[in-house]
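Read off the chains here:
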Amino acid sequence: MKKFTTLSSTAIPLSIENVDTDQIIPARFLKATDRKGFGENAFRDWRYHKDGSVNSDFVLNNNIYSGSILVAGDNFGCGSSREHAAWALSDYGFKVIISSFFADIFKGNALNNGLLPIQVSEDFLKSLLQVIEENPSMLLQVNLEEQKLEVEDVDLVTSFEIDAYKKTCLINGYDDIDYLVNQKDKIEAFEAQKMY
């Protein structure tokens, strides 16, 4: 995984509640086991009409919005436990997802794949969506080390919680195996002092 410490980006507002994993990546695209290529089908049934034409009303197809941060409505990532949802969002180019609530399994899958889910209060989310819709070029600043999210040039700042272990992994670009390998010296020292 790539290291994540800070991010400055514009954001895409997806003010829809209860976005489930089948909406993020429809089941018919789950045949591959390689993480690459899922981004092109992220939100497929919302991005395209049944005839394959582009749905210009869907926010990801609106050229005024761009960036590597997705700001979503409440209860994002509910539904099935498919890890492919995190793969699709990451492959599409998102590095951060902001919502007022995440399904637990989705949150874990996101963190395991280098995607930072930031949970904020409902009031903060409402204000953030409004600011982005009014000014799509507004930059959001994410500081993982300080666990802080702020909107540039606007008095809109919040802190966020994250599991300490997952924070360490993201900052160092570790997956679970990388983390254990990095602890090799400590593990060997512990084993050396172990009495049999």
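The text that follows walks through the structure, step by step, so that each part is easy to find. Please read all numbers here as calculations on a predicted model, not as lab measurements.

Scoring rules and cut-offs
- Residues numbered from 1 in each chain as written.
- Predicted model: local features only at pLDDT ≥ 70, side-chain atom pairs only at ≥ 80, totals over all residues.
- Heavy atoms only, no water.
- Helix = DSSP H or I, 4+ residues; strand = E, 2+ residues; numbered from the N terminus.
- Buried < 20%, exposed > 50% of the residue type's maximum accessible area, 1.4 Å probe, protein only.
- Contact = heavy atoms within 4.5 Å.
- Areas by Shrake-Rupley, 256 points an atom, 1.4 Å probe, with all protein chains shown as cover.
- Lys, Arg positive; Asp, Glu negative; His and termini not counted.
- Charge placed at Lys NZ, Arg CZ, Asp CG, Glu CD.
- Polar contact = N/O pair within 3.5 Å; in protein donor to acceptor, adjacent residues only side chain to side chain.
- Core = buried A, V, L, I, M, F, W, Y, C linked by side-chain atoms within 4.5 Å.
- Pairing = 2+ DSSP bridges.
- Axes fitted to C-alpha atoms, helices over the stretch in contact; angles between N-to-C directions.
- Phe/Tyr/Trp six-rings, centres within 6.5 Å; stacked < 30°, edge-to-face > 60°.
- Lys NZ or Arg CZ within 6 Å of the ring centre and 35° of its normal.

## Let's talk about the overall build of the protein chain
Here comes step 1: Helix and strand counts for the protein chain come out as eight helices and eight strands.
Here comes step 2: Each of the three principal axes of the protein chain carries a C-alpha extent, and together these read 65 × 45 × 25 Å.
Here comes step 3: Residues counted as buried form 44% of the 196 residues belonging to the protein chain.
Here comes step 4: In the protein chain, of all internal contacts separated by at least 6 residues, the share reaching a separation of at least 24 is 65%.
Here comes step 5: Carbon and sulfur atoms make up 47% of the accessible area of the protein chain, which totals about 10700 Å².
Here comes step 6: Of the charged side chains in the protein chain, 19 are positive and 30 negative, and the gap between their average positions amounts to 7 Å.

## Considering helix 6 (residues 164-172)
Here comes step 1: Every buried residue of helix 6 is accounted for by Lys166, Lys167, Cys169, Leu170 and Ile171.
Here comes step 2: In this structure, the buried residues of helix 6 make contact with helix 4 (104-112), strand 5 (116-119) and helix 7 (176-182).
Here comes step 3: With a side-chain oxygen lying 3.0 Å from the backbone nitrogen of Tyr165, the N-terminal cap of helix 6 falls on Asp163.
Here comes step 4: Just past helix 6, the residue Gly173 takes up positive phi, approximately 75°.

## Brief notes about the side chain of Asn41
Here comes step 1: Its place among the elements puts Asn41 in the loop between helix 1 (21-24) and helix 2 (44-47).
Here comes step 2: Look past the residues within four positions of Asn41 in its chain and what remains in contact with it is Ile24, Ile25, Pro26, Phe29 and Arg47.

## Thoughts on the nonpolar core
Here comes step 1: Grouped together as the largest cluster of nonpolar side chains are 55 residues, with contacts concentrated most on Phe43, Phe76, Ile98 and Leu116.
Here comes step 2: For Phe76, the residues in contact, after removing those within four places along its chain, are Leu14, Val19, Ile24, Phe43, Leu70, Leu89, Ile97, Ser99, Phe101, Phe102, Ala103 and Phe106.

## Examining the sheet that holds strand 7 (residues 148-151)
Here comes step 1: The sheet built from four strands is open, its strands ordered 1-6-7-8 with antiparallel pairing. A single partner strand is all that each edge strand has here, and the edge strands are strand 1 (6-9) and strand 8 (156-159). Neighbour to neighbour, the strand axes of the sheet diverge by 10° on average, direction disregarded.
Here comes step 2: The pairing of strand 1 with strand 6 (residues 140-143) spans four bridges and is classified as antiparallel. Paired with Leu7 across the two strands is Val142, which belongs to strand 6.
Here comes step 3: Relative to strand 8, helix 5 (residues 122-134) is tilted by about 140°, and along the sheet it contacts strand 6, strand 7 and strand 8.

## Some words on the packing of aromatic side chains
Here comes step 1: The final tally for this structure, using the stated rule, is eight aromatic pairs.
Here comes step 2: Seen from their ring centres, Tyr92 and Phe94 are 5.3 Å apart, and the 25° between their planes marks the pair as stacked.
Here comes step 3: Classification of Tyr92 as partly exposed rests on a relative accessible area of 28%.
Here comes step 4: Judged by relative accessible area, Phe94 falls into the buried class, the value being 2%.
Here comes step 5: Joined through ring pairs, the aromatic side chains of Phe43, Trp46 and Phe58 make up one cluster.
Here comes step 6: Lying across the ring of Tyr48, Arg44 places its NZ or CZ 4.4 Å from the centre.

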